[in-house]
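Observations on chain architecture
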Amino acid sequence: MRLRCRSEFEEMYVGVGARRVRDLFDSAKRKAPCIIFIDEIDAIGATRNPKDQQYMRMTLNQLLADMDGFNSSEGIVVIAATNFPEVLDKALTRPGRFDRHVVVPNPDVKGRSQILSLHMNAVPKGPDVDIDIVARGTPGFSGADLANVVNIAAIKASQDNKNWISMADLEYAKDRIMMGAERKSAVITEASRKLTAYHEGGHALVASFTEGALPVHKATVVPRGMTLGMVMQLPDQDETSWSRKQMMARMDVAMGGRVAEELIFGADNVTSGASSDFEQATNIAIRMVEKWGMSDRVGFVAHRHLTGRGADAAISEDTRKAIDAEVKRLTDQAYARALKLLKEKEKELHVLAKELILKETLTGDEVRALIGLPPLAKQEASASTKAPLAHLAHLASETRVHSRS
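Described below are features of the structure shown in this document. For clarity, every value in this text was computed on a predicted model and none was experimentally measured.

**Regarding the overall build of the protein**
- Helix and strand counts for the protein stand at 15 helices and seven strands.
- In the protein, buried positions account for 45% of the 405 residues.
- The long-range fraction of contacts in the protein, counting pairs at least 24 apart against all pairs at least 6 apart in sequence, stands at 74%.
- Accessible area of the protein: about 21,600 Å², with a carbon and sulfur share of 52%.

**Considerations on the pattern of salt bridges**
- The full count for this structure, using the stated rule, is 17 salt bridges.
- With a shortest N-O distance of 2.6 Å, E360 and R193 are connected by a salt bridge. Taken as a pair, E360 in the loop between α13 (346-359) and β6 (361-363) and R193 in helix α8 (residues 190-209) lie far apart in primary sequence, 167 residues in all.
- Close ionic contact of D252 with R337 constitutes a salt bridge, the shortest N to O distance being 2.9 Å. In this pair, D252 sits in helix α9 (residues 244-265) while R337 sits in helix α12 (residues 317-344), placing the two residues 85 residues apart along the sequence.
- On the basis of relative accessibility, which here comes to 5%, the residue D252 falls in the buried class.
- Each of the salt bridges in this network shares a partner with another, and the network as a whole consists of E290, R320 and D324.

**A short note on α12**
- Look at α12: 41 Å from first C-alpha to last across 28 residues, which is about the 40 Å you get at 1.5 Å a residue.
- For α12, the complete set of buried residues consists of I323, E326, V327, L330, T331, A334, Y335, A338, L341 and L342.
- Taken together, the buried residues of α12 touch α8, α9, α10 (275-290) and α13.

**Thoughts on the layout of surface pockets**
- Estimated volume of the largest pocket: approximately 640 Å³.
- Forming the walls of the largest pocket are 21 residues, and the residues nearest its centre are A80, T82, R100, H101 and V102.
- Across the lining of the largest pocket, the residue classes tally to 12 nonpolar, four polar and five charged.

**Remarks on empty space enclosed by the protein**
- Applying the stated criterion across every chain yields a total of two cavities of 30 Å³ or more.
- Size it by volume and the second largest cavity reaches roughly 30 Å³.
- In terms of lining, the second largest cavity is formed by I188, R193, T196, V221, P223 and L228.
- Class assignment of the residues belonging to the lining of the second largest cavity gives a composition of four nonpolar, one polar and one charged.

**A word on the nonpolar core**
- Formed by 44 residues in total, the largest nonpolar core has its most connected members in M251, M288, L342 and V367.
- Listing elements by their share of this core, those giving two or more residues are α8, β4 (216-220), α9, α10, α12 and α13.
- Leaving out residues up to four positions away in the same chain, M251 has contacts with A281, I284, A285, M288, L330 and A334.
- Judged by nonpolar contacts, the second largest core, of 24 residues, contains L116, V129, L146 and V150.

**Structural notes on the packing of α9 against α12**
- Look at α9 against α12: their axes get within 7 Å of each other, and the N-to-C directions meet at 60 degrees. The orientation of α9 relative to α12 falls into the category oblique. Helix-helix and strand crossings are classified by hand; for α9 and α12 the assignment is right-handed. Facing α9, whose interface residues are M248, M251, D252, M255, G256, R258, V259, A260, E262 and L263, α12 presents L330, T331, Q333, A334, Y335, R337, A338, L339, L342 and K343.
- Of the residues assigned to the contact of α9 with α12, the class counts are 12 nonpolar, three polar and five charged.

**What to know about the packing of aromatic side chains**
- One pass over the structure, following the stated rule, counts one aromatic pair.
- Between Y198 and F265 the ring centres are 5.6 Å apart and the planes differ by 90 degrees, which places this aromatic pair in the edge-to-face class. In this pair, Y198 sits in helix α8 while F265 sits in helix α9, placing the two residues 67 residues apart along the sequence.
- The ring of Y172 carries the charged tip of K156 above its face, separated from the ring centre by 5.1 Å.

**With respect to the pairing of strand β2 (residues 34-39)**
- Counted residue by residue, β2 has five buried out of six residues, so it is predominantly covered.
- By the bridge criterion, six bridges tie β2 to strand β3 (residues 76-81) in an arrangement that is parallel. Considered in β3, the bridge of I35 is made with V77.

**Looking at the side chain of S113**
- With respect to the helices and strands, S113 occurs in helix α4 (residues 109-120).
- On the accessibility criterion, S113 (12% relative accessible area) is buried.
- Look past the residues within four positions of S113 in its chain and what remains in contact with it is I131, D132 and A135.

**Quick notes on the environment of M288**
- Summarising the element assignment, M288 is placed in helix α10.
- Overall, the relative accessible area of 0% leaves M288 in the buried class.
- Taking the C-alpha atoms as reference points, M288 and A302, 14 residues apart in sequence, are found 9.8 Å from one another.
- Non-local contacts of M288, meaning those with residues more than four positions away in its chain, are made with R244, M247, M248, M251, G293, M294 and S295.

Quick notes on the rules
- Residues numbered from 1 in each chain as written.
- Predicted model: local features only at pLDDT ≥ 70, side-chain atom pairs only at ≥ 80, totals over all residues.
- Heavy atoms only, no water.
- Helix = DSSP H or I, 4+ residues; strand = E, 2+ residues; numbered from the N terminus.
- Buried < 20%, exposed > 50% of the residue type's maximum accessible area, 1.4 Å probe, protein only.
- Contact = heavy atoms within 4.5 Å.
- Areas by Shrake-Rupley, 256 points an atom, 1.4 Å probe, with all protein chains shown as cover.
- Salt bridge = Lys/Arg side-chain N within 4 Å of Asp/Glu carboxyl O.
- Expected span 1.5 Å × (residues − 1).
- 1 Å grid on protein atoms, 1.4 Å probe; cavity = no way out; pocket = protein on both sides within 12 Å on 5 of 7 lines; lining within 4 Å.
- Points joined across faces, edges and corners; volume = space filled by probe spheres on them.
- Nonpolar A, V, L, I, M, F, W, Y, C, P; charged D, E, K, R; others polar.
- Core = buried A, V, L, I, M, F, W, Y, C linked by side-chain atoms within 4.5 Å.
- Axes fitted to C-alpha atoms, helices over the stretch in contact; angles between N-to-C directions.
- Parallel < 35°, antiparallel > 145°, perpendicular 65-115°, else oblique.
- Left-handed = near helix turned anticlockwise from the far one by under 90°.
- Phe/Tyr/Trp six-rings, centres within 6.5 Å; stacked < 30°, edge-to-face > 60°.
- Lys NZ or Arg CZ within 6 Å of the ring centre and 35° of its normal.
- Pairing = 2+ DSSP bridges.

It is worth stressing that arrangement in space is one thing and function is another; only the former is reported here.
Have a look at this one:
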């Protein structure tokens, strides 16, 4: 028998939580063999503080007493789950209690494919649906996110009076979750629309011509969520780590939008739309300097763990100035590289921006065709034979979105 218990022990009355723990274990012993599952164990198992009132520790103390191993509890297995294992009391995680830790991360591409297959079995699907392609295009999605993809796709198919879910419906659902819903009612002036097209065109061009950058999956000037347009990038395969070259490329792509605005409209007419791009580039540079040892000037020292509480006391003023100067140097270099590239590719920038204004949304292969590059599917044909060539541009393990807000 499996006995499920949520962490709803604590109430306003003193002693209620401890009594419920005793009743729980007594009931489990009567029904053994039995599994006790406590969800959100941190609600009652957080580290005890001597300043806490006694009644606040009674529930945890009773749980520890029932799991001390002295009393007979044969046939009972206790399992708990939490998103904050670091806050649990040490007595709770010692050998003999919760001493086996199982990390449950978001599923990889194989896991996503299996989860999608499970949810897709409950709905009719069209002959063009390729679950493996959808799985590769949903990096970082949890099981709930994948269920939401199928649900949104089913709603879209129903609204279009279809009898089954098509690949287009799944793409719509994926884009809506990743990029937000389309703001069809938004009133955008032609001047703002043109500036957005050049901004996103700058991102797409830098991503297409910079070695180490992720391939462009989609570029759009359709307002979604709080953004006026965006460029989505998807890698070709699962990535477990990032090289210095890839980090530099990501910063270059982030700078491409503002560089395009300045190049076409002049420095006095640039907008605040690149704020999120600068934030992305700055965060990458900070991690490179403070955490990943990718700065020769600062050295191979991890400062990242010192930037929280007490950072001013832990890091000297000279070190902080050196870190700030190095972050600025890295971002300035990224801006200069993006500027040099877009000056060389200004003709392609105009072509890409005009097509974005005309069609509003371009796929990765359409972007590549406009700027004179071969389709990604053909380029990657020799690298993979597991998926249809027409869909290889969608293969992914992590998504990068550059948007203008």
